[in-house]
Number of protein chains: 2
Amino acid sequence: MEAGSSKRPGGRSARVRDAVRQATLAELAEHGYTGLTVERVAERSGVHKTTVYRRWGNVEGLISDALELAKDEPWPIPDTGTVEGDLRGVVQLVRSGFDDPELGPVSSAFVAAAMQNETAARALHQFFVARHEQSAEVVRRAVARGELPDMVDVREVVRVAVAPVYYRLFVAHEPVSERDADRAADAALAAARAGVL
Amino acid sequence: MEAGSSKRPGGRSARVRDAVRQATLAELAEHGYTGLTVERVAERSGVHKTTVYRRWGNVEGLISDALELAKDEPWPIPDTGTVEGDLRGVVQLVRSGFDDPELGPVSSAFVAAAMQNETAARALHQFFVARHEQSAEVVRRAVARGELPDMVDVREVVRVAVAPVYYRLFVAHEPVSERDADRAADAALAAARAGVL
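The shown structure was predicted, so the numbers you read here are calculated from the model rather than taken from an experiment.

Basis of the calculations
- Residues numbered from 1 in each chain as written.
- Chains lettered and ligands numbered in written order.
- Predicted model: local features only at pLDDT ≥ 70, side-chain atom pairs only at ≥ 80, totals over all residues.
- Heavy atoms only, no water.
- Domains from an automatic or database assignment.
- Contact = heavy atoms within 4.5 Å.
- Buried area = accessible area lost by both parts, 1.4 Å probe.
- UniProt positions renumbered as here; feature names shortened; annotations may be inferred.
- Helix = DSSP H or I, 4+ residues; strand = E, 2+ residues; numbered from the N terminus.
- Core = buried A, V, L, I, M, F, W, Y, C linked by side-chain atoms within 4.5 Å.
- Buried < 20%, exposed > 50% of the residue type's maximum accessible area, 1.4 Å probe, protein only.
- Salt bridge = Lys/Arg side-chain N within 4 Å of Asp/Glu carboxyl O.
- Polar contact = N/O pair within 3.5 Å; in protein donor to acceptor, adjacent residues only side chain to side chain.
- Nonpolar A, V, L, I, M, F, W, Y, C, P; charged D, E, K, R; others polar.
- Phe/Tyr/Trp six-rings, centres within 6.5 Å; stacked < 30°, edge-to-face > 60°.

> Mind showing me how you'd approach the domain arrangement of chain A here?
When the parts of a complex come together, some accessible area is lost, and that lost area is often taken as the interface size. All names here are of chain A. Taken domain by domain, chain A consists of domain 1 (12–59) and domain 2 (74–193). Each of domain 1 and domain 2 has a C-alpha centre, and these two points are 29 Å apart. The interface of domain 1 with domain 2 comprises 5 residues on the first partner and 9 residues on the second. Of the roughly 530 Å² buried between domain 1 and domain 2 on both sides combined, carbon and sulfur atoms contribute 83%.

> Sorry if this is basic, but what is going on with the UniProt feature "DNA-binding region" (unreviewed entry) in chain A here?
Mapped onto the present numbering, the UniProt feature "DNA-binding region" (unreviewed entry) falls at residues 37–56 of chain A. Secondary structure content for residues 37–56 of chain A is 80% helix and 0% strand, while the C-alpha to C-alpha distance between its ends is 12 Å.

> Please clarify how the nonpolar core should be interpreted in this entry.
Most often, soluble globular proteins have nonpolar side chains that are buried together. Counting 139 residues, the largest nonpolar core has A:I63, A:F110, A:Y166, B:I63, B:F110 and B:Y166 as the members making the most contacts within it. Setting aside chain neighbours within four positions, we find A:Y166 in contact with A:V94, A:F98, A:F128, A:V171, B:Y167 and B:V171.

> Sorry, what's going on with the environment of B:Y167 here?
Positionally, B:Y167 belongs in helix α9 (residues 154–170). B:Y167 sits in the buried class, given a relative accessible area of 2%. The spatial distance from the C-alpha of B:Y167 to the C-alpha of B:S13 is 39 Å, given a sequence separation of 154 residues. Setting aside residues no more than four positions away along its own chain, B:Y167 makes contact with A:F128, A:H132, A:R159, A:V162, A:A163, A:Y166, B:A172 and B:H173.

> Honestly, the interface of chain A and chain B in this entry has me stumped. Any pointers?
Of the residues lining the interface, 36 residues belong to chain A; the matching set on chain B comes to 36 residues. In this assembly, chain A packs against chain B so that about 3,300 Å² is buried in total across both faces, 66% of it on carbon and sulfur atoms. For the chain A face of the interface with chain B, the top three residues by lost area are A:M115, A:Y167 and A:R183, together amounting to 20%. Viewed at the interface, chain B and chain A are joined by 8 salt bridges. Close ionic contact of B:R183 with A:D153 constitutes a salt bridge, the shortest N to O distance being 3.1 Å. Between the two partners, chain A and chain B, sit 12 residue pairs in polar contact (both at pLDDT 80 or more). Residue assignment for the side of chain A that touches chain B shows that the elements contributing at least two residues are α6 (103–116), α7 (118–135), α9 (154–170) and α10 (178–193) of chain A. When residues of the side of chain A that touches chain B are assigned to their parent elements, the largest contribution, 10 residues, is made by α9(A). Here the residues of the side of chain A that touches chain B sort into 23 nonpolar, 6 polar and 7 charged.

> Would you mind going over the environment of B:E39 with me for this structure?
All names here are of chain B. Of note, E39 is situated in helix α2 (residues 38–45). Taking the C-alpha atoms as reference points, E39 and K49, 10 residues apart in sequence, are found 6.3 Å from one another. Non-local contacts of E39, meaning those with residues more than four positions away in its chain, are made with K49 and Y53.

> Is there a simple way to think about unusual backbone geometry in this case?
Note: most residues except glycine have negative phi, and most peptide bonds are trans. Residue and element names in this part refer to chain A. The phi angle at H173 is positive, at roughly 50 degrees, despite the residue not being glycine. Among the structural elements, H173 can be located in the loop between α9 and α10. Take H173: its relative accessible area is 22%, and that puts it in the partly exposed class.

> I'm lost on the packing of aromatic side chains in this one. Help?
The geometry of an aromatic ring pair comes down to the distance between the two centres and the angle between the two planes. All names here are of chain A. For the structure on display, the rule yields 14 aromatic pairs over all chains. Ring centres 5.4 Å apart and planes at 85 degrees place the aromatic pair F98 and Y166 in the edge-to-face group. Here Y166 lies in helix α9 and F98 lies in helix α5 (residues 83–99), a separation of 68 residues in the sequence. Judged by its relative accessible area of 16%, F98 falls in the buried class. Ring geometry for F127 and F128: centres 5.3 Å apart, planes at 90 degrees, overall edge-to-face. Of the residues examined, F127 reaches a relative accessible area of 2% and is grouped as buried.

Here it is, written out as structure tokens:
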């Protein structure tokens, strides 16, 4: 969910959108979802408050737009040559992302916002549709290498692999060690090999 | 997380605590976490506002106390005779609980509150420590019946089994079918049998 969107076309409108998005991400990193205000984002982005209100409406609009852009960011899918290594790599990316002092609070704010607001929930859902699709590549490669059965549900393997990390962080409020993350990946892989997923 | 605490000692203080707790649960069911106010809970419980403020402090205190009591509620751990049936039963209990028109919004409010507030997070953590311990009984029975290896991490099997349900509901914002819940239980079981958990 990093900032930066050099791939997107330029033009004033695109620059304004990026400025507002950067400001939204920075404010979320510093103050979290409950501390996010349209006024602060406008001030930080240098975009006039009335423009921000007109184009984004409210904080949920700002969060949804930031998610909309985050969804298109490339994600460094690992390619270690084995499905064990790749799937562990994907889950470790999730774990370390929430551990990151900059990225962690922003990602947590997205999850919190989606729990409180329907618009943010739809945007976060779309983000995860894209994220599951990207991550499923490591499972497709495993099928191509004959490491997993053809019939495996590639997205479900990803869900089951990452779910315990999110469950510890946002539901049970438990720490997540590197070993916990590896075990979650190994568990999903064992289930896929057993033909359950 | 149902209301009712006939097991607890009586006395005025206990009756007041239960009245406030019932009112907190009812308010959460109707208005969710963001709609919860000390005033509404005081009015609904018939307990004076100053008493509620003095004993519970704020909405997070009310939620934490409701969780503190919920943690001691017995949970109908299934006993089907097989670990497949028992573990599927545990995960279906979680799924159907969030589906319940009364219980679902209250449970969701607990998760939402814990994401916004440290006190509620600690209370929810303690709730899940107790819930994992209760649910792990189905895994201990499986070990006793020789269905799973002695070395299995009984609580981790429970975490991995329920995590995909919470992940779909509160992170990816996807529906959870009965089949999804069964698959999550089966995946945890396959991992436990493979010696991964």
